[in-house]
Every structure is written in structure tokens, then in C-alpha cells.
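Coordinate inspection notes
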Amino acid sequence: MLFSNWFGRKKYRSVPEQINQPPSDTISASLAQNITYLHSQFCQTPDLVVRHFMIKQSGDQAALVYLSGLIDKNAINNNVLRPLQFETGSGNSEYGFTINVGQINPLLSWPQIESAILHGSSILFVGGRTEVYALGTQGWPQRAIEDPQIEASLKGAHQGFVETGSQNIALIRRYIQNRELKIIELTVGRRGNSLVSILYLADVAHPEVLKELQDRIQQLDVDVIINTGELAELIEDNPFSPFPQFITTERPDAAASQILQGRFAVVVDRSPSVLIAPVAFMSFFQNIDDYSTRWSIATFIRLLRILAFFVAVFLPAFYIAVISFNFEIIPVKLLLTIGEFRGRVPFPPFVEAILMEVTLEMMREAGVRLPAPVGQTVGIVGGIVIGQAIVQAGLISNIMVIVVAFTAIASFILPNYDMVAAVRLIRFGMMIAASMFGIVGIIIGLMTMIGHLIALESLGTPYSTPFAPVRFADWKDTFVRLPLWKMGKRPLGTRATQSQRQGSNRPKGDGK
Amino acid sequence: MNKRLLHAILIATVIVIIASCSDRLDMEDATHALLVGFDLDKENELILYSTSPVFSKNVEKKTRELRVKPQTNRQSRGKQDSYTEGVFQGRSIQVLLLSKRILQQENWFQLTDVWFRDPKNPLTPRIIAFDGPLSEIIYLNPKDQPMLPILLREMVETKNARSETVKTTLQGLHQQIREKGVTPIISEVRLKDKQIAITGTTLLDHKGKYADSLNMQETILLRILQKNTKKSVNLTIPIPGEMKIGPFHTDKVSLNADEIKVKIKTSFLKDKFQFHMHITMRVGLSELLFPFDVRSQGKELENKITEQVQMNFENLIKKIQTDKIDPIGLGLYAQAHEYSHFKKVEDHWGETLANADIHVSVKTIIGAMGTVK
């Protein structure tokens, strides 16, 4: 079958190991032999630095090996080379030399050495010893912690995740100072060795879900995980669904709050976003700001978002259905107005809508990649083209422009980018259905979507959780956001083993 | 994803595409009849008028009027279709205009059968009677007014809100004709000096035949008796004994009545239905054209108003009884309270009501006299 090649499971063919194995994994006592072997392994690696010197305390010949870009030069110069070359002393420390580095790992085999070098450690070879020392002098290029870009928040913290996994874990730890916050470290990828850490509250998160998540990550056989999105695609339950089954967030406070609800956060080293699992459909409508604005306003915004979801998915489809099939439901005055504009348009409503929606998507995509000053130009050109010229030229009706604009605004309201992307895609399906069957088509589309949502799972837990299966207790944080003191329990949808979150303890000031 | 699922998706897509699009009709490809009018010519042949909007940029006139002579209502669509640019559709009919000649026929309502039988047709066109041949109003096209269907529809909506006429939709009319204890009542439009005006209501008998017309004030009174007034209603009545000075009707007082309470007691005595209606209304004086010290002699004015209003009600009831119809719906009271007696006479309820004793007693209370003395 033609398609089996496209969707076949054979994504990764096994590749024969490319490195010529050393006679044995063990390290020779001869320093020169070791360095020669090292050079043979790392040929054509100009950034590999090998520094020969003599340890003053013991008089041994030694060599320090590191990749120049991945280490902290200050640490190497001041804390490693200086004490080793110039400090005299009894040398009665554990390893027989004095060194001002926090982390020293003795290594015994070549693969370990190789991996340590590649991870940014510097390796100290000492003549006559069959063990080497990996010094924690990592210092790769790093970005400062900045405001999250796609998940901007008004009232929340302004720290976003960065590309260093350990820092990201530290950012989450700052919110949950509890020893029950456990971290499972897994290494994924044959070539890239991506460090993947699962963070969870041991006494809250459900062990079965953890096992499922761990299994899925462990079974991955890939070159490297560059970004969290890749990991999400590789481990999600239904990769053919348009709906995202995990949240990837770049906000530490969001991640921490999810962990506190009993979910898992997966930190992928080198990626500035963190994966949250398992999640439910409604999670994509929640935003960290909801909990810091007043509950009545947060509720209003929630309802607005849900309305926006339906508008973004169905409005163009509804337009097509009404104009092409069921125009008797249009109020007569509107009918006259629409008729006047539509009378000039040479295309059927479906073509008109597709034309406009594709233009919109193109503009949006153009705006994402362009630098800000050029991006503005796109906005202006787009605005003029869409808003004026196309209507004046009689290609598109005014009403369609309004529909497209309204749809676009509605899709911008949704707080999660992945869900917006899903909505954009589903919209086209709905438009096709509407153009073929009218309102019946929209209903078919809606039913299919609901059916799919109910069948969908995220890490084996139901995706549409508070609604199917019905869990009324969780409805407090769906369409509405009840006051925080009414939400004393963790959501059932996360299968948290410890449901009590806090008591109904709203202090009333003077103790009345 | 396995092969079988892909096959299923492919087959499903093909089936869906083949099955689709059968009854698709884009809005701009349709000609929407917004108004349909029934009339009879001198040889008593059915004439059907329609008004539809024209969605074309280069056309000066915004509407197109058609006149066909079909044998049936449904057949008219085909005939009208042959004249129009788009597919002729009756899905957005707003107004059904009936000429007096049509209303004088007993079985004209049968013409509307297609609208009930074919669910794509709306059941909400407002039914309006026109006193005269329809060609007068259909082709009028006054330049300073919106197109006729919109004009009539809006007129009925707003006047209905002030109880000066009724909003009877096609479905409402169907119900009124089928219901034995009530006779239909529809809006009435006339041409006055080439101006379109709502003049009140037309009363029909049990079979939908023309019985009588009511002016606006009578319509208000009728709607009070129907307990169907919306907001407050305005009445202007003469007060006997006041002088008419000059060309002005200085004997008039205008009232603003609200909190109208109507109690209808039904009984059957001496082979006759008896209806006692007690109407209590709070009125505010909105206009007083003769000098009167309301503050000290309010009671006296109140009595005079009561007397006049009661007389108006009695006249209305007399009119209804002479026409042998029941637009108030007293039959429904009879059915509810005296079912066995009603059952015997339900097929000629109008005649029965004509013989019934109907007593009206009105009580008005002056609740407000305005901001001047």
C-alpha cells in the first residue's frame, strides 16, 4: 500500500556503531597513550583542548582535557590550573591533589570519559593512574532568564524557562520547596543524550501514570530530542489527533501549579519549554492569570474563551452553511444587506471563505517569522488588502471580512498556542463539511469532534475529563472559576492520590 | 495507523463528497419573495403578487414586483420563477397581504396549504388585510419609504407593541381558524391619499371570511378584553357636557392606561351564556383640552371617564355580537367553565355568542394628572 511508507513505524533504522572500539574500555596508566587514544577518538575536533602540566603537590604529570566552548574558562584557570600548578601542600585530600571545584567524579572507562567531555566536564588525566577525574566546570553559552514570550502574563511571574535543564528544575523548585518533589532523570537519544527529567510530587501523583510516562520515554529510540515538542509528539497517545494531548509551557509558575495538582512536568534539557502531562481539554482554557485575577472576572474570561473557541471553529462554517443552504434563518434586514454585498462577489461562499481564511493564515504565519519592524509592515499591508481593497474590488463581501476578522480575534483569545493551532486546522474541516451539508454538516462535524474528544486520552487518563467521565467536583474550575477557597481539593482528572489541597480557611481579618 | 483505517477514510471521503451538495442554493442565486399578496380580479380569478429585493449594483430600483395568475399558490412559484434572475424562493416571506375581495371568499385559507406542508416555508409572515385591490399598494413604491415588505412588517411590529393593531402570523391565523372558541383577527392597512397607513384590525369569521373592521381605539379596547395589552395603552375619549370651542375638539381627554385588570366571569343561565367582565384600570391624564380642576373634582372626572370607557366597551361588544364573531375568545372561557353547554354549540359559537348576555363594568382610577395643574 502506498501510504504504509508514509505512516510506517520504521522511523529510525538501526545504524551500525561507528566508533572503532578501543582494545578495552579501561584506561591505561600511561598518560601519553591515553592522550594519543583520545586524539584518535576526537579527530577533527579543533575545540578539544589538551593542557599538559605538572601537579606541584605530587610531581605527577597531568593533562586537562575539555571542549573549549562548553566549559567555564574562569573556573578552569583559577580553580583548577592555578591550585594544581602552584599550590604546595600536604596533598592529603581524597585524590591526592587540591582543587577548588565542587564536583569531582572519578571515571574508569572510556565511554564515560567521552560522555563527560561532551557534556562539558573537563577531564583530568594523571600519569600513572588508571582513573581520571571529571571536574564540574561546565559553562556553556546561556541565555539570561527572561519574560516568557508566547505565554505572557499580566500578573504572574516574569521568569521563563531557559535552555538549561538544571536551571529550569531550579525555577520549579523555587515554587515547591518540598522534599516530596521528586525528579526522575532519564537519558534519551543515542547521539544526543538528551537529559529528560520527570518532576512530580511523590505523595500526590499517581504511580501508574508515572510508570506510563516513564515507560514511554524510556522506550524512545531516537538520535536526539532537540525540543520538548518532539518529545511530546513521540510519546503522545494519539499522534493523529489535531488536539494537543500535552501542554508545553514556558512558565515555571504554570508548571509548578500543575505539579501541585498532581500532574507531571517533563523538563527536557536544552529546551525552554516544559511538558505537562496528563492534561484535559479544559486545561487549555486555563491560564495562570486566572488564579490571580478576581474570581468573577476570571469566570467571565473563561466563558469568553469558550465562546471564542466555538466562534473560531464554527463561525466561517456557519457563514457558509447559512449563505449556501439555510438563508431563511437570516433576519430579513441582514438578508438585504448581505444580499447586496454577496450580489457583487463572483465566488460561491465556500471559495470566498477559503480564500479569506487562507490569506489570514498566511499573514499570521508571515508575521510570526518576521522581525518586528518588518512584521508591522505585514500587518498594515494585510489590513489594507483584507479590509479595503479586496472588498472594493468586489472579490470578497464585507460580511466575510467581518467573519474572518472575528474568527481571527477569537482564536487569539485562547491562551494556549497548540490549541490555537488545532482550532485553525479544525476550522477548515468544518468549512468543508458546511459547504457540503450546510448546518447538518456542522452538526456532523461537531459530533465527530465531541466523539473524538471523548475517546482521546492523555497518558491513559481521559482527555475530556470533567465532562466525560462526568466529575462534577472538577467543574468548579472549568466554565467558571470558583473562588480559591471553594476549590479545596485537587482535580479528580489528574488521578491524584491525595486529594485534599487546602481547607476552607479564608481568613476574615479580625478573626470574626 | 493501519491500512484498513486509511481505506475506510478514503471510502468515507468519497461517499461524503458524492452525497453532498444536492440541495445547495447560494443566497445570491435565489430570489426572495418578501411579500406575497392574494387578490381576485373582476372575473374572480386568483392573482398573486410578490415583492422581492434585487441584489444588483447597477439596478436603480431595489425591489421587483411580480404579478402572476396561477391556479394555486404552489403553481405560482413556477410562474414567477420564469420571470426572475434567481431561483424563486418563498423562504423569507415577511408579509402576506390579502385584498378585501379575497377575504370575502369563504375558503381562501386553503390557498396557504403549501406553506404548512413544505417545512422550508416560514410560518411567521404577518397577515395583513388591505382594503382595495392590491395593485394599488404593491406598485406604489414611495421613494421616501423603505421597501413595502419591510415597511409593513415594521409597522405591524411597532403598532402591535402599542396595542393599536395585532401581530397575527400565518401560524397564529391557522390556530385562530382551527380553534372553535375564537375567531381570527388580523392587521389592516389602507391607502390614505397615496400614503400607506395601518388603520387597525380586520375581524374575520370562523371560516376566515371578512366580518368587520376595527379602528385603532377599538382595537385597543378589544385587546384589553383579550388581556393582551402590552405596556400601557393610550385612549382619547370625549367628555360629554364640555364645550367645543372653535375648530378644535376641546371636549377630549387623553388617557394613559396601565395596570389593567380584567376579570371575566362565565355562567350559563336561562339557555344563555352569561359573561360578566370587570375591568379595572389605572389611568394617567396625558392630555386635557378643557379647563378642569382635577385636584378638587377628580372624582367627578373619574366617573365621567368611567362612563365613557364603559360605553366604548359596550359598543364594541355590540358590534361583535351583530357580526356573530368572537375575536375576544370568550368561547375559550365558555369551554373552560361550561364545557357541556359549549360542546353543543361549538360549531356555531358566533351565533350563540350573539345571543349571550355580556355585561361590562369598568372602573377607572386616575392615578396621575401630569406635571401641570
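Residues numbered from 1 in each chain as written. Chains lettered and ligands numbered in written order. Predicted model: local features only at pLDDT ≥ 70, side-chain atom pairs only at ≥ 80, totals over all residues. Heavy atoms only, no water.

What to know about the pattern of salt bridges
Overall, the coordinates contain 41 salt bridges over all chains when judged by the stated rule. Measuring nitrogen to oxygen at the nearest pair gives 3.7 Å for the salt bridge that ties Asp223(A) to Arg191(A). Of the two residues, Asp223(A) is situated in the loop between α6 (207-218) and α7 (228-235) and Arg191(A) in the loop between β6 (181-188) and β7 (194-201); the sequence distance between them amounts to 32 residues. One salt bridge in this structure joins Asp131(B) and Lys100(B), with 3.6 Å as the shortest N-O distance. Of this pair, Asp131(B) sits in the loop between β7 (126-130) and α5 (134-138) while Lys100(B) sits in helix α3 (residues 100-103); the two residues are 31 residues apart in sequence, bridging distant segments of the chain. Residue classification places Asp131(B) among the partly exposed residues on the basis of a relative accessible area of 28%. Shared partners join several salt bridges into a network, and the residues in it are Glu357(A), Glu361(A), Glu365(A), Arg369(A), Arg424(A) and Arg427(A). (Salt bridge = Lys/Arg side-chain N within 4 Å of Asp/Glu carboxyl O. Helix = DSSP H or I, 4+ residues; strand = E, 2+ residues; numbered from the N terminus. Buried < 20%, exposed > 50% of the residue type's maximum accessible area, 1.4 Å probe, protein only.)

Describing the nonpolar core
Grouped together as the largest cluster of nonpolar side chains are 80 residues, with contacts concentrated most on Phe243(A), Phe281(A) and Phe309(A). Apart from the residues lying within four places of it in its own chain, the contact partners of Phe243(A) are Phe281(A), Met419(A), Ala422(A), Ile426(A), Met449(A), His452(A), Leu453(A), Leu456(A) and Tyr463(A). In terms of nonpolar packing, the next biggest core, distinct from the first, is built from 49 residues, Ile237(B), Phe273(B), Val309(B) and Trp349(B) among them. (Core = buried A, V, L, I, M, F, W, Y, C linked by side-chain atoms within 4.5 Å. Contact = heavy atoms within 4.5 Å.)

Looking at the environment of Phe116(B)
Residues and elements named next belong to chain B. One can find phenylalanine 116 in helix α4 (residues 113-117). Sequence spacing of phenylalanine 116 and threonine 13 is 103 residues, and the spatial spacing of their C-alpha atoms is 36 Å. Beyond its immediate stretch of four places on either side in the chain, phenylalanine 116 contacts Phe109, Leu123, Leu170, Gln171 and His174.

A look at helix α8 (residues 252-260) of chain A
All names here are of chain A. Counted residue by residue, α8 has seven buried out of nine residues, so it is predominantly covered. Of the surrounding elements, those touching the buried residues of α8 are α5 (165-173), β6, β7, β8 (247-249), β9 (264-268) and β10 (274-277). Positive backbone phi, approximately 105°, marks glycine 262, located one or two places after α8.

Some remarks on the packing of aromatic side chains
Residue and element names in this part refer to chain A. By the definition in use, this model includes 25 aromatic pairs over all chains. With centroids separated by 5.3 Å and ring planes inclined at 75°, the aromatic side chains of phenylalanine 97 and tyrosine 133 adopt a geometry described as edge-to-face. Here phenylalanine 97 is found in the loop between α3 (73-86) and β3 (104-107), whereas its partner tyrosine 133 is found in strand β5 (residues 132-135), with 36 residues between them in sequence. Taken together, a centroid distance of 5.2 Å and an interplanar angle of 25° make the contact between phenylalanine 467 and phenylalanine 479 stacked. (Phe/Tyr/Trp six-rings, centres within 6.5 Å; stacked < 30°, edge-to-face > 60°.)

Some details on the packing of helix α11 (residues 349-369) of chain A against helix α13 (residues 398-413) of chain A
What describes two packed helices is the angle between their axes and the distance between those same axes. Residues and elements named next belong to chain A. Where α11 contacts α13, the two axes come as close as 10 Å, and the packing angle between them is 40°. Considering their axes alone, α11 and α13 lie oblique with respect to each other. Between α11 and α13 lies a crossing of right-handed hand. Contacts between α11 and α13 involve Glu352, Ala353, Met356, Glu357, Leu360 and Arg364 from the former and Met400, Val401, Val404, Thr407, Ala408, Ser411 and Phe412 from the latter. Residue composition of the contact of α11 with α13, by class: eight nonpolar, two polar and three charged. (Axes fitted to C-alpha atoms, helices over the stretch in contact; angles between N-to-C directions. Parallel < 35°, antiparallel > 145°, perpendicular 65-115°, else oblique. Left-handed = near helix turned anticlockwise from the far one by under 90°. Nonpolar A, V, L, I, M, F, W, Y, C, P; charged D, E, K, R; others polar.)

Structural notes on the sheet that holds β3(A)
Residues and elements named next belong to chain A. Judged by pairing direction, the sheet is antiparallel, and its five strands sit side by side in the order β1-β2-β4-β5-β3 without closing on themselves. Pairing within the sheet leaves two strands with one partner each, and these edge strands are β1 (48-54) and β3. Neighbouring strand axes in the sheet, compared pairwise and without regard to direction, differ in orientation by 25° on average. Sheet topology note: the strand β4 (residues 122-126)/β5 ladder contains three bridges and is antiparallel. Directly across from isoleucine 123, in β5, lies its bridge partner alanine 134. Relative to strand β2 (residues 61-67), helix α2 (residues 31-41) is tilted by about 15°, and along the sheet it contacts β1, β2 and β4. Along the sheet face, helix α4 (residues 110-118) touches β1, β2, β3, β4 and β5 and points at about 140° away from the line of β4. (Pairing = 2+ DSSP bridges.)

Description of the confidence of the model for chain B
Interpretation of the predicted coordinates at a detailed level should be avoided for regions scoring low in pLDDT. All names here are of chain B. Of the residues in chain B, 99% have a pLDDT of 70 or more, and the chain-wide mean is 88. The lowest-confidence element of chain B is helix α1 (residues 3-19), averaging 82 in pLDDT; the highest-confidence one is β7, averaging 94. Overall fold confidence (pTM) sits at 0.84, and the ipTM for the predicted complex is 0.82. (pLDDT = per-residue confidence, 0-100.)

Here we look at the side chain of Asn168(A)
Residue and element names in this part refer to chain A. Following the sequence through the fold, asparagine 168 ends up in helix α5. Among the polar contacts made by the side chain of asparagine 168, one reaches the main-chain carbonyl oxygen of valine 162 at a distance of 2.9 Å. With residues up to four places along the chain from it excluded, the contact list for asparagine 168 reads Phe161, Val162, Val267 and Ser271. (Polar contact = N/O pair within 3.5 Å; in protein donor to acceptor, adjacent residues only side chain to side chain.)

Some thoughts on the interface of chain A and chain B
Each partner contributes to the interface: chain A provides 28 residues, whereas chain B provides 31 residues. Our count for the chain A to chain B interface comes out at three salt bridges. In this structure, Arg342(A) engages Glu28(B) in a salt bridge whose closest nitrogen and oxygen atoms are separated by 2.3 Å. Where the side of chain A that touches chain B is concerned, the elements lending two or more residues are α1 (4-7), α9 (295-324), α10 (332-342) and α14 (417-437) of chain A. The element contributing the most residues to the side of chain A that touches chain B is α10(A), with eight residues. Residues of the side of chain A that touches chain B, tallied by class, amount to 17 nonpolar, six polar and five charged.

Focus on the packing of α11(A) against helix α12 (residues 372-392) of chain A
All names here are of chain A. For the pair α11 and α12, interaxial distance at closest approach is 10 Å and the crossing angle is 165°. One way to sum up the angle between α11 and α12 is to call them roughly antiparallel. Taken as a pair, α11 and α12 cross one another with a handedness that is left-handed. Facing Met356, Thr359, Met363 and Ala366 of α11, the residues of α12 in contact are Val378, Gly382, Ile386 and Ile390. Within the contact of α11 with α12, the residues separate by chemical class into six nonpolar, two polar and no charged.

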